[in-house]
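Analysis of the macromolecular model
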Amino acid sequence: MPHRPSASKEPSPDPHFELSATARYKPNAIKWQAFVTAQPPMTGDPKELMGFNIMDLQIPSIALAYEKSESDIMNRRPRNARTDHLVNSKLATYSYLQIGVTQAVGAFLGYFTVMAEEGWLPTTCIGLRQHWEQVDEQELEDSYGQEWTFVQRQKQEFVCYTAFFIAIVIQQLADLVIRKTRRNSLFTQGLFRNKVVLLGMLSQLVIAAFLSYCPGMDEGLHFMPLRVGWWFVAISYAIFIWLYDEMRKFFIRRYPESVGL
């Protein structure tokens with residue numbers, strides 16, 4: 001009889017991460033809606049940014065296929081294929097309305113931080129888009145009375161575009177870590193056992209750094225070099241995502257019959 005590999009070594013896609021990957025659209029979707037309604041200066045094409053997000057997520061998506069099974073997998077009841085769907089409304093709500101919205105808030109924090117440090121406070125940015133995009137407006141004043149030409153404003157727009165993207169990448173590092181398990185704590189599963197996940201996290205940072213600092217990116221893809229401090233703006237939201245998910249899994253283990261994920 002042919003030998004069958006153990007279940008713990010069989011790569012299997014995690015629907016949590018598959019949906020989380022598509023949840024990367026959420027910050028960009030909220031960004032587009034906010035720019036339409038609040039009219040701050042536009043920061044790039046949302047569809048273009050989604051493309052870069054997906055490209056940045058390829059290796060991490062593959063990496064989770066090599067994650068070992070959770071230690072209590074044999075203690076769980078088998079899944080009912082008719083009622084327990086891999087992707088359901090609870091999972092969609094968690095990925096889009098909880099994690100997705102958190103990432104959007106963190107990304108906007110990066111955007112407004114860059115604008116504020118350059119002289120554009122959030123209250124000034126609201127409704128500014130019409131004047132911001134006027135090519136013949138060469139003396140547009142910021143919150144402190146400094147005058148900006150159209151070329152200067154365009155470069156600032158590219159910097160904000162980059163900061164928004166980097167903030168999503170930083171938060172996705174935490175999102176990648178929490179997708180390692182569905183119920184167990186990360187402390188039980190272990191962070192460093194799956195070396196491919198670590199490679200995936202490194203690949204995200206390398207791709208983001210390449211897009212930001214490679215010469216010529218400002219001309220072709222509208223990415224600009226960021227100050228080192230701006231890379232850390234969204235870290236607090238990444239930590240929040242991890243702590244929030246650890247608490248969620250704690251209650252799932254404590255109350256397994258609850259309606260939670």
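Predicted, not measured: the structure shown is a model, and the values here were computed from it. (Residues numbered from 1 in each chain as written. Predicted model: local features only at pLDDT ≥ 70, side-chain atom pairs only at ≥ 80, totals over all residues. Heavy atoms only, no water.)

**Focus on the overall build of the protein chain**
Worth spelling out the cut-off: Helical segments are the DSSP runs of H or I of at least four residues, strand segments are the runs of E of at least two, and each set is numbered from the N terminus. Only heavy atoms matter for contacts: two residues are in contact if any of them lie within 4.5 Å across the pair. Throughout, the Shrake-Rupley method with a 1.4 Å probe supplies accessible areas, and for residues the shown protein chains are the sole cover considered.
On a plain count of helices and strands, the protein chain comes out with 12 helices and two strands. If you list the helices and strands of the protein chain from N to C, you get α-α-α-α-α-α-α-β-β-α-α-α-α-α. Nonlocal contacts in the protein chain, meaning residues at least 24 apart in sequence, comprise 76% of its contacts between residues at least 6 apart. Put simply, the protein chain shows about 14100 Å² of open surface, and 63% of that area lies on carbon and sulfur atoms.

**What about the packing of helix α8 (residues 150-178) against helix α10 (residues 195-213)?**
What describes two packed helices is the angle between their axes and the distance between those same axes. Let me state the cut-off plainly: Working convention: axes come from line fits to C-alpha atoms, limited for helices to the stretch in contact. Angles between N-to-C directions cover 0 to 180 degrees. Roughly parallel refers to an angle under 35 degrees, roughly antiparallel to one over 145, roughly perpendicular to one between 65 and 115, and oblique to any angle outside these ranges. Put simply, Ala, Val, Leu, Ile, Met, Phe, Trp, Tyr, Cys and Pro go in the nonpolar bin, Asp, Glu, Lys and Arg in the charged bin, and everything else, Gly too, in the polar bin.
Direction vectors running N to C along α8 and α10 enclose 180°, while the axes themselves pass 10 Å from each other. One element, α8, and the other, α10, form an angle in the roughly antiparallel class. The residues of α10 that touch α8, namely those facing Thr162, Phe165, Ile166, Val169, Ile170, Gln172, Leu173, Leu176 and Val177, are Val197, Gly200, Met201, Gln204, Leu205, Ala208, Leu211 and Ser212. A breakdown of the residues in the contact of α8 with α10 according to their chemical character gives 12 nonpolar, five polar and no charged.

**Section: the pattern of salt bridges**
Convention followed: Each salt bridge in this description consists of a side-chain nitrogen of Lys or Arg and a carboxyl oxygen of Asp or Glu lying within 4 Å of one another. Each residue is assigned to one of three classes by its accessible area relative to the maximum for its type, calculated with a 1.4 Å probe on protein chains only: buried under 20%, partly exposed between the two thresholds, exposed over 50%.
For the structure shown, the criterion picks out six salt bridges. With a closest N to O distance of 3.2 Å, Glu133 and Arg129 form a salt bridge. Overall, the relative accessible area of 39% leaves Glu133 in the partly exposed class. By relative accessible area, which is 21% here, Arg129 ends up partly exposed. Where Asp245 meets Arg248, a salt bridge forms, and the shortest distance between an N and an O atom there is 3.0 Å. Taken as a pair, Asp245 and Arg248 lie in helix α12 (residues 235-254) at a separation of three residues, close to a single helical turn. A residue is classified by how much of its surface remains accessible, and Arg248, at 13% relative accessible area, is buried.

**Details of the nonpolar core**
As a reminder, the rule being used: Residues belong to one nonpolar core when they are buried, are Ala, Val, Leu, Ile, Met, Phe, Trp, Tyr or Cys, and are joined through side-chain atoms within 4.5 Å.
The biggest cluster of nonpolar side chains holds 49 residues, and the ones touching the most others in it are Tyr111, Met115, Trp120, Phe165, Ile166 and Leu226. For this core, the secondary-structure elements that each account for two or more residues are α5 (89-117), α8, α10 and α12. If you tally residues by element for this core, the top one is α8, at 17 residues. Residues contacting Met115, with those up to four places away along its chain left out, are Pro41, Trp120, Cys125, Trp132, Gln156 and Cys160.

**Points about unusual backbone geometry**
Look at Gln39: it is not a glycine, yet its phi comes out positive at around 60°. Relative to the assigned elements, Gln39 resides in the loop between α2 (25-37) and α3 (46-56). Gln39 gets classed as partly exposed once you look at its relative accessible area, which sits at 28%.

**Describing the packing of α5 against α8**
Selection criterion: Less than a right angle of anticlockwise turn of the near helix away from the far helix marks a crossing as left-handed, whereas a clockwise turn marks it as right-handed.
Relative orientation of the contacting elements α5 and α8 amounts to 145°, with a least axis distance of 8 Å. As for the relative orientation of α5 and α8, their crossing is right-handed in sense. Contacts from Tyr94, Ile99, Thr102, Gln103, Gly106, Ala107, Phe108, Gly110, Tyr111, Val114 and Met115 in α5 reach Gln156, Val159, Cys160, Ala163, Phe164, Ala167, Ile168, Gln171, Gln172, Asp175 and Ile178 in α8. Each residue belonging to the contact of α5 with α8 can be placed in one class, and the counts come to 14 nonpolar, seven polar and one charged.

**Thoughts on the confidence of the model for the protein chain**
The predicted structure's coordinates, where accompanied by low pLDDT, should not be read in detail. As a reminder of what qualifies: The predictor attaches a confidence to each residue, and that confidence, scored 0 to 100, is pLDDT.
In this model, the protein chain carries a mean pLDDT of 81, and residues with pLDDT of at least 70 account for 80%. The secondary structure element of the protein chain with the lowest average pLDDT is helix α1 (residues 15-22), at 52, and the one with the highest is strand β2 (residues 147-148), at 96. Here residues 1-13 scores under 50 on pLDDT; set against residues more than four positions off or in separate chains, the count is 10 contacts.

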